[in-house]
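The chain contents come next:
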Amino acid sequence: MTHFKFYRLYLFVTIASITTLISSCDPKNDNNTYIEEEALSAPSNFTTDYTNKCIRWDAVPNAEKYYCTINDRENYTISKNYINLTNTSITEDQWHTITVQAIAPTNSKWYNSSTVNYPFIFTKKTLLATPTNFKHEIFEIIDPISKQPENKIKIMWDAVPNAEKYYVTFKKQQETHPKWESRPITESFFIPMRTIEIGHNYVLEICAIPKENSPLYVTSETKEIIITAQ
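Think of each chain on its own: its residues are numbered from 1, step by step along the sequence as written. Under the rules for a predicted model, residues below a pLDDT of 70 receive no local features and side-chain atom pairs below 80 are neither given nor counted, while totals for whole chains, interfaces and linings still include all residues. Water and hydrogen atoms were dropped before computing side-chain values, which therefore reflect all heavy atoms in the structure.

Asker: How would you explain the overall build of the protein if you had to name every residue and give the values?
Answerer: Each helix corresponds to a stretch of at least 4 residues labelled H or I by DSSP, and each strand to a stretch of at least 2 residues labelled E; elements are numbered beginning at the N terminus. Each helix and strand in the protein was counted, giving one helix and 18 strands. Only protein chains enter the accessibility calculation, which uses a 1.4 Å probe. A residue is then buried if its area is under 20% of the maximum for its type, exposed if over 50%, and partly exposed in between. When burial is assessed residue by residue, the protein has 29% of its 230 residues classed as buried. Within the protein, contacts between residues separated by at least 24 positions form 56% of all contacts whose residues are at least 6 apart in sequence. When the accessible surface of the protein is split by element, carbon and sulfur atoms take 51% of a total near 15,200 Å². Contacts are residue-level and defined by heavy atoms, with any inter-residue pair within 4.5 Å sufficient. Areas reported here follow the Shrake-Rupley algorithm with a probe of radius 1.4 Å; residue values treat only the protein chains shown as occluding.

Asker: Talk me through the confidence of the model for the protein; I want residue IDs and the actual numbers.
Answerer: Known as pLDDT, the predictor's per-residue confidence is scaled from 0 to 100. Overall, the predicted model of the protein reaches an average pLDDT of 86, with 84% of residues at or above 70. Highest mean pLDDT in the protein belongs to strand S17 (residues 217-218) (97); lowest belongs to helix H1 (residues 2-25) (39). Contacts for the low-pLDDT stretch residues 1-28, under 50 throughout, to residues beyond four places or in other chains number nine contacts.

Asker: Describe the sheet that holds strand S14 (residues 181-185), naming the residues involved and giving the relevant values.
Answerer: Hydrogen bonding along the main chain pairs the strands of a sheet, whether they run parallel or antiparallel. Ordered by their spatial adjacency, four strands build an open sheet running S14-S13-S16-S18, and the pairing between neighbours is antiparallel. Whereas interior strands pair on both sides, the edge strands pair on one side only; in this sheet they are S14 and strand S18 (223-228). Neighbour-to-neighbour, the strand axes of the sheet open up by a mean angle of 20°, direction not taken into account. Following DSSP output, two strands are said to pair if at least two bridges run between them. Direction of pairing for strand S16 (residues 201-209) relative to S18: antiparallel, over a ladder of six bridges. Every axis in this analysis is a line fitted to C-alpha atoms, fitted for helices over the stretch in contact. Angles between the N-to-C directions lie between 0 and 180 degrees.

Asker: Please provide a residue-by-residue account of the side chain of Lys152, values included.
Answerer: With respect to the helices and strands, the residue Lys152 is situated in strand S12 (residues 149-156). No salt bridge is formed by the buried Lys152; the nearest opposite charge belongs to Glu150, separated by 6.2 Å. Side-chain polar atoms of Lys152 contact the backbone oxygen of Pro192, separated by 2.9 Å. A polar atom in the side chain of Lys152 sits 2.6 Å from the backbone oxygen of Met193. With residues near it in sequence (within four places) discarded, Lys152 still touches Glu137, Ile138, Phe139, Ile141, Ile191, Pro192, Met193, Arg194, Thr195 and Ile196. Charge convention: Lys and Arg are scored as positive, Asp and Glu as negative, and His as well as the terminal groups of each chain are ignored. By definition here, a salt bridge exists when the distance from a side-chain nitrogen of Lys or Arg to a carboxyl oxygen of Asp or Glu is within 4 Å. Any pair of N or O atoms that falls within 3.5 Å is considered a polar contact. Within protein, one atom must be able to donate a hydrogen and the other to accept it, and sequence-neighbouring residues count only if both atoms are side-chain atoms.

Asker: Summarise the sheet that holds strand S11 (residues 135-142); cite the residues concerned and give the values.
Answerer: Taken together, three strands build an open sheet; the order of strands is S11-S12-S15 and the sheet is antiparallel. Bordering the open sheet on either side are S11 and strand S15 (189-190), each of which pairs with just one other strand. Pairing analysis gives two bridges linking S12 to S15, with the strands arranged antiparallel. Residue Met156 lies in a different strand from S15, and its bridge partner there is Phe189.

Asker: Describe the pattern of salt bridges, and please don't skip the residues or the numbers.
Answerer: Using the criterion set out here, one finds six salt bridges in the structure. The residue Arg56 makes a salt bridge to Asp49 at a minimum N-O spacing of 3.3 Å. Residue Asp49 is classed as buried on the basis of its relative accessible area, which comes to 17%. A salt bridge links Lys125 to Asp93; the shortest N-O distance between them is 3.7 Å. With Lys125 in the loop between strand S9 (116-121) and strand S10 (126-127) and Asp93 in the loop between strand S6 (82-84) and strand S7 (95-103), this pair connects stretches of sequence that are 32 residues apart. By relative accessible area, which is 27% here, Lys125 ends up partly exposed. For Asp93, a relative accessible area of 25% corresponds to the partly exposed category.

Asker: Give me the lowdown on the pairing of strand S5 (residues 74-78), citing residues and values where you can.
Answerer: When strand S4 (residues 65-70) meets S5, the two strands line up antiparallel, connected through five bridges. Bridging across to S5, Tyr67 finds its partner in Thr77.

Asker: Summarise the nonpolar core; cite the residues concerned and give the values.
Answerer: Counting 20 residues, the largest nonpolar core has Ile55, Trp57 and Ile98 as the members making the most contacts within it. Among all residues touching Ile98, those that are not within four sequence positions of it are Ile55, Cys68, Thr69, Ile70, Ile83, Val116, Asn117, Tyr118 and Phe120. Nine residue types can take part in a nonpolar core, namely buried Ala, Val, Leu, Ile, Met, Phe, Trp, Tyr and Cys, and a core is a set of them joined through side-chain atoms within 4.5 Å. Counting 18 residues, the second-largest nonpolar core is a separate cluster that includes Tyr166, Ile185, Ile227 and Ala229.

Shown next, in the form of structure tokens:
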């Protein structure tokens, strides 16, 4: 009986301790009342300042600072709504990506914003036009090994003036482990090596590339399109 009472007391104390621990994690202010947390707005309206080698965006209300990552490898924490890239590894005439997140003040009702990716380039040259006017057609082939029919897709677009080639990436949308293809091509059409499932969505990312060391042009922005195989 003594042991039974001891266990009951130990269980009661343990439950009380857990309840206290959980309660202490709840957001409260000094008056012990609950605070409804809100996310900061995501950074937006990015601009590229070639003259000053800066990337700017609209200031996020209630943000204390911003966390920036350049090309997934250089990290910076800044207090202003712009970043100067003069003393970084950024090179001219090449596309780069900056990732920006607004950071909330400590112990505030706010929490950090979502992360935004912004591709940019510092150049005095002319960007090639982004490929447009996409079309596709489905056709059937016979697999030489299984002798069974398979569906293939041909994706076409208007040729971009002054482009020597295109770089394409192709994958199935919302695939947990996407089997993607990525390669340069010289024609203004693309036939993926993989077979196609009718009714499914696929993602094509493409940019136009000029001749190597072109004195006038640089690679276009990358365009993403969703294609439904039907």
